[in-house]
Amino acid sequence: MIELIVLDVDGTLTDGKIIYTNSGDELKAFDVADGLAIATWSKKLGKKVAIITGRTSKIVEKRASDLQIEYLYQNIHNKDEVLTEILKKEGLSWNQVAAIGDDLNDFKMLKKVGLSFTPSNGTHYLKDFVDVICKNSGGNGAIREMIEYIVKKDNIEQEFINSWL
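A short tour of the structure in this document, coming up.

Calculation notes
Residues numbered from 1 in each chain as written. Predicted model: local features only at pLDDT ≥ 70, side-chain atom pairs only at ≥ 80, totals over all residues. Heavy atoms only, no water. Axes fitted to C-alpha atoms, helices over the stretch in contact; angles between N-to-C directions. Helix = DSSP H or I, 4+ residues; strand = E, 2+ residues; numbered from the N terminus. Left-handed = near helix turned anticlockwise from the far one by under 90°. Contact = heavy atoms within 4.5 Å. Nonpolar A, V, L, I, M, F, W, Y, C, P; charged D, E, K, R; others polar. Buried < 20%, exposed > 50% of the residue type's maximum accessible area, 1.4 Å probe, protein only. Arc of directions from axis to C-beta.

1. Description of the packing of helix α1 (residues 32-44) against helix α6 (residues 142-153)
Right, on to step 1. Contact pair α1 / α6: the axes reach a minimum separation of 7 Å and the direction vectors enclose 35°. Here α1 runs over α6; the crossing is left-handed. Counting all contacts with α1, which are made through Ala 33, Asp 34, Leu 36, Ala 37, Ile 38 and Trp 41, the residues of α6 involved are Ala 142, Ile 143, Arg 144, Ile 147, Ile 150 and Val 151.
Right, on to step 2. The residue makeup of the contact of α1 with α6, split by class, is 10 nonpolar, no polar and two charged.

2. Focus on helix α2 (residues 58-66)
Right, on to step 1. All buried positions along α2 are accounted for by Val 60, Arg 63 and Ala 64. Seen end-on, α2 carries its buried residues on one side only, within an arc spanning 100°. Across from the buried face of α2, at angles greater than 90 degrees, the exposed residues are Lys 58, Lys 62 and Ser 65.
Right, on to step 2. If you follow the buried residues of α2, they end up packed against α1, β4 (48-52) and β5 (71-73).
Right, on to step 3. Once α2 finishes, Gln 68 follows within two positions and takes phi at roughly 55°, a positive value.

Here it is, written out as structure tokens:
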């Protein structure tokens, strides 16, 4: 059973575009359906969520805070090393982890987890070995699709749905 989901940001939680204003502010767009699924996973089902990303962004800090995501690691170049530490802290095995990533910096982590995903717009290098290629693209419901796949696979779909009824 999956107890922890690990999310990349650019290209998974977002569409991968980074927009800068004339004043140098960075803009990102997040999908509300992804956020609701993440909140249901963690708050209603009592499961864990981690964001591990290669970039650093105040916007990602804000999104993680809004969703009350317990683990946020930014500017990480070795994601599986950080995930190893989280697993030790939580007393979990790699088989209890699902992760989603879209590019080569996610490769090693995705090879180790129990269930791996990439959005439809993920690189073909990941599509060659991940367990699930989402129909949705990053920033457009791929995270929601991932979570719905997991709750169905782990036979907790009704609990997921009932948590809002």
